[in-house]
Amino acid sequence: GENVEQHPSTLSVQEGDSAVIKCTYSDSASNYFPWYKQELGKRPQLIIDIRSNVGEKKDQRIAVTLNKTAKHFSLHITETQPEDSAVYFCAAIESGGGADGLTFGKGTHLIIQP
Amino acid sequence: GAVVSQHPSWVICKSGTSVKIECRSLDFQATTMFWYRQFPKQSLMLMATSNEGSKATYEQGVEKDKFLINHASLTLSTLTVTSAHPEDSSFYICSADPGLAANLYEQYFGPGTRLTVT
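Here the structure is a predicted model, which means the values were calculated and not measured.

J.: Would you take a moment to explain the overall build of chain A for this structure?
T.: Scanning chain A from terminus to terminus reveals 0 helices and 11 strands. Helices and strands in chain A line up, N terminus first, as β-β-β-β-β-β-β-β-β-β-β. In summary, chain A has a C-alpha radius of gyration of 14 Å against a globular reference of 13 Å for 114 residues, a match within 12%. In terms of principal-axis extent, the alpha carbons of chain A reach across some 45 × 30 × 20 Å. The buried share among the 114 residues of chain A stands at 43%. Contacts spanning at least 24 positions in sequence make up 54% of the contacts within chain A whose residues lie at least 6 apart. Surface accessibility of chain A: about 5,600 Å² in total, with carbon and sulfur atoms responsible for 46%. Positive and negative side-chain charges in chain A, numbering 11 and 14 respectively, have mean positions lying 2 Å apart.

Shown next as structure tokens:
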């Protein structure tokens, strides 16, 4: 089955600086890579996703890059703001055509220092 | 659109009793729903895939006789934790896949159910 590794486990950055979170996956057949933001006690919220036929995707201050050869993908947040503080999870799906559950990384606690 | 609800949002039960958690897709039909468990300060772990009209598929290490899943309709899946024990205390979250061609694989999460077994 799929295995997703995520680093770092904790990331502290100054407000306005950029934050980068990295993930690697094991199954080369994986083809969908979402990123979720989760606040304490709340549901995970999809913030951006990327599919295997794309190398990079951007949505305002958030971007995701995918390197299929190396089997890693990264989340980039620019101009960080206090409300970006949360736990971020990467995930992967290896789909053979039917619906599949997500395999999550262990999460990164992002702390934005004022 | 694509709203998923869960009920109850939190529940406290005594050891040995059973608890049922409902997951509903409010504005779409979901052939497939997923159940995840999240222990404090940990990641989400897939427990099982719930398929409408057929048996659920359980992940390795998840006891199917302890975590009963029923997907009776295209908008409702239920998870019953049978003979609950304190170690079953966790945050249970469901998700649903609308199966949209425009957003393949995208899942929408419910708000979660906090289960505490005393």
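We are not done yet, so read on.
J.: Help me out: how do you make sense of the interface of chain A and chain B in this one?
T.: Interface size is commonly expressed as the accessible area that is lost once the parts come together. Tallying the contact residues gives 21 residues for chain A and 21 residues for chain B. Of the roughly 1,600 Å² buried between chain A and chain B, counting both surfaces, carbon and sulfur atoms make up 56%. Our enumeration of links across chain A and chain B arrives at 0 salt bridges. Across the contact surface, chain A and chain B share 5 residue pairs in polar contact (both at pLDDT 80 or more). The set of elements that each furnish at least two residues to the side of chain A that touches chain B consists of β4 (32-38) and β5 (45-51) of chain A. In terms of residue class, the side of chain A that touches chain B is made up of 9 nonpolar, 6 polar and 6 charged.

J.: Would you take a moment to explain the side chain of Q6(A) for this structure?
T.: Residues and elements named next belong to chain A. Relative to the assigned elements, Q6 resides in strand β1 (residues 4-7). Separated by 3.3 Å, the side chain of Q6 and the backbone nitrogen of C90 make a polar contact. Within the structure, the side chain of Q6 is placed 3.0 Å from the side chain of T108, a separation counted as a polar contact.

J.: Can you walk me through the sheet that holds strand β1 (residues 4-7) of chain B in this structure?
T.: The strands making up a sheet are joined through hydrogen bonds of the backbone, oriented either antiparallel or parallel. Residue and element names in this part refer to chain B. Strands sit in the order β1-β3-β8-β7 across an open sheet of 4 strands; the sheet is antiparallel. Of all strands in the sheet, those bounded by a partner on one side alone are β1 and β7 (67-73). Sheet twist, expressed as the mean angle between neighbouring strand axes with direction ignored, is 15°. Here 4 bridges tie β1 to strand β3 (residues 19-25), and the two strands are oriented antiparallel to one another. Directly across from V4, in β3, lies its bridge partner S25.

J.: Sorry if this is basic, but what is going on with the confidence of the model for chain B here?
T.: As a note on interpretation, predicted positions should not be read in detail where pLDDT is low. Per-residue pLDDT for chain B averages 93, and the proportion of residues at 70 or more is 97%. Confidence scores differ between elements of chain B, with β7(B) showing the lowest mean pLDDT of 92 and strand β11 (residues 113-117) of chain B the highest of 98.

J.: Any chance you could explain the pattern of salt bridges here in plain terms?
T.: Two side chains bearing opposite charge may form a pair once their charged atoms approach each other closely. Residues and elements named next belong to chain A. Overall, the coordinates contain 6 salt bridges over all chains when judged by the stated rule. Linking R51 and D49 is a salt bridge whose minimum nitrogen-to-oxygen distance equals 3.9 Å. Judged by relative accessible area, which is 22%, R51 ranks as partly exposed. A salt bridge links K57 to D49; the nearest nitrogen and oxygen atoms lie 2.8 Å apart. Overlapping salt bridges bring together D49, R51 and K57 as one network.

Analysis parameters
The written sequence of each chain sets the order in which its residues are numbered from 1. A letter from A marks each chain and a number from 1 marks each ligand, given out in the order of writing. Totals for whole chains, interfaces and linings use every residue, but because this is a predicted model, local features are given only for residues with pLDDT of at least 70 and side-chain atom pairs only at 80 or more, for both listing and counting. With hydrogens and water set aside, each side-chain value is computed from the structure's full complement of heavy atoms. Every helix listed is a DSSP run of H or I at least four residues long, and every strand listed is a run of E at least two residues long, numbered separately from the N terminus. The reference for a compact globule is 2.2 Å times residues^0.38; the radius of gyration itself is calculated from the C-alpha atoms. Only protein chains enter the accessibility calculation, which uses a 1.4 Å probe; a residue whose area is less than 20% of its type maximum is buried, one above 50% is exposed, and one in between is partly exposed. In what follows, a contact means two residues having at least one pair of non-hydrogen atoms within 4.5 Å. The accessible surface values rely on the Shrake-Rupley method and a 1.4 Å probe; as for residues, cover is taken only from the protein chains in view. Positive residues here are Lys and Arg, negative ones are Asp and Glu, while His and the chain termini are left out of the count. Where a charge lies is defined by one atom per residue type, namely NZ (Lys), CZ (Arg), CG (Asp) and CD (Glu). The term buried area refers to how much accessible surface (probe radius 1.4 Å) is lost by two components on association, counted for both of them together. The salt bridge definition used is simple: a Lys or Arg side-chain nitrogen within 4 Å of an Asp or Glu carboxyl oxygen. Distance and chemistry together define a polar contact, namely a pair of N or O atoms within 3.5 Å, with one atom able to donate a hydrogen and the other to accept it when in protein, and with adjacent residues in sequence counting only for side-chain atoms on both sides. Three classes are used: nonpolar for Ala, Val, Leu, Ile, Met, Phe, Trp, Tyr, Cys and Pro, charged for Asp, Glu, Lys and Arg, and polar for all others, with Gly counted as polar. Whether two strands pair comes down to DSSP finding at least two bridges between them. With axes taken as lines fitted to C-alpha atoms, and helix axes fitted only over the stretch in contact, angles between N-to-C directions fall between 0 and 180 degrees. The quantity called pLDDT is the predictor's confidence in a given residue, expressed from 0 to 100.

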